[in-house]
Amino acid sequence: MSAQRPRVQVITQHRFGGPDVLETEERPCPGPAAGEVLVRVRAASVNPADWLARSGAVPRYGEPPFTAGQDVSGEVVEAGAGVTRFRPGDEVFGRIDGGGHATYVAAPAGRFAAKPHGLDHVHAAAAPTAALLAWQALVETARVGPGSRVLIDAAAGGAGHVAVQLAKAQGAYVVGTARADDHGFVRDLGADAFVDDTAADLAGTVHGLDAALDLVGGDHGPRALGTLHPGGLLLCAVPADPGLAPEDAEARGVRCAVVEADAPDERLTRVAGLLADQRIRVHVAATPPFTDAARAHELGETGRARGAVVLVPAN
């Protein structure tokens, strides 16, 4: 398709700062390198990594200009040399290393999996980082199963609401922290109990847990320590701001592990299975257009979005 490549709309920035630094530009369409696929993006979610990169708090992509965006869903337009898993027309979703806030992206084929049938692109785009993070934290690291007792912090958020469902699918007893007006939402996700996320003393309400997943960072990890039994596991999902060092946790008699979403194709395929059989359902809080990326970032940064915020191209 090289002679007929469309122009690409990208959300970029030329300096660090607030949502107002985001700009929409048009550029030539990239071609897939060997091992890559070119995907027409139908939806792309906005995650904490995106606004942290935008602000410069976590300069993941180096100095501007750059285009953020990790979670995308769309259709394969072209397959690069050596790609046999996908062909043009295949619907895929995945997690890439930036550049996803564009109408077309070229990225390694191993970063994608077939989009589950019955799941639209908006909900598919909301899933990868949240589901992969929950899988690595709860299944691979904590090995949560029947009889496990787990705390999920920020249980109504984009990653938290997926983690609650995955923990329940594994047979765990789940306690979620959330604002009071989100308790009903968290209960409907399957949580067995919930705690107001403003509670200063979580341990005064819940204790004796096997694992706690901190999805916020800062003082949330230290607050969760007291909810764990001796030898329990604190899962820190915000490496840039864990709130404590592993030795601090060990001094309290608990273990600490840093977890990050990663997307080898076999792990993403397992996540696709969970979405296909609806053991995990992704809730989308808002779907602003690409041209309103600033509003998408603002919604996410408030911490009050129930579920994910997903950008949708105009065409």
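Residues numbered from 1 in each chain as written. Predicted model: local features only at pLDDT ≥ 70, side-chain atom pairs only at ≥ 80, totals over all residues. Heavy atoms only, no water.

A. Inspection of the environment of G74 at higher detail. Locating G74 in the fold gives a position in strand β4 (residues 71–79). Sequence spacing of G74 and D90 is 16 residues, and the spatial spacing of their C-alpha atoms is 8.5 Å. Other than its neighbours up to four places away in sequence, G74 contacts V39, R40, V41, R42, D90, E91, V92 and H121. (Helix = DSSP H or I, 4+ residues; strand = E, 2+ residues; numbered from the N terminus. Contact = heavy atoms within 4.5 Å.)

B. Representation of helix α4 (residues 160–169) in the model. Of all 10 residues making up α4, eight are buried, and the element is well covered by its neighbours. Every buried residue belonging to α4 is among G160, H161, V162, A163, V164, Q165, L166 and A167, and all of these are buried. Following α4 by one or two positions, G171 adopts a phi angle in the positive range, close to 95°. (Buried < 20%, exposed > 50% of the residue type's maximum accessible area, 1.4 Å probe, protein only.)

C. How the structure looks around unusual backbone geometry. Looking along the chain, the bond that leaves P64 and enters P65 is cis, with omega of 5°. For A154, which is not glycine, the phi torsion reads 55° and is therefore positive. Looking at the element boundaries, A154 is found in the loop between β8 (149–152) and α4. For A154, a relative accessible area of 27% gives the class partly exposed. One non-glycine residue, Q278, adopts positive backbone phi at about 65°.

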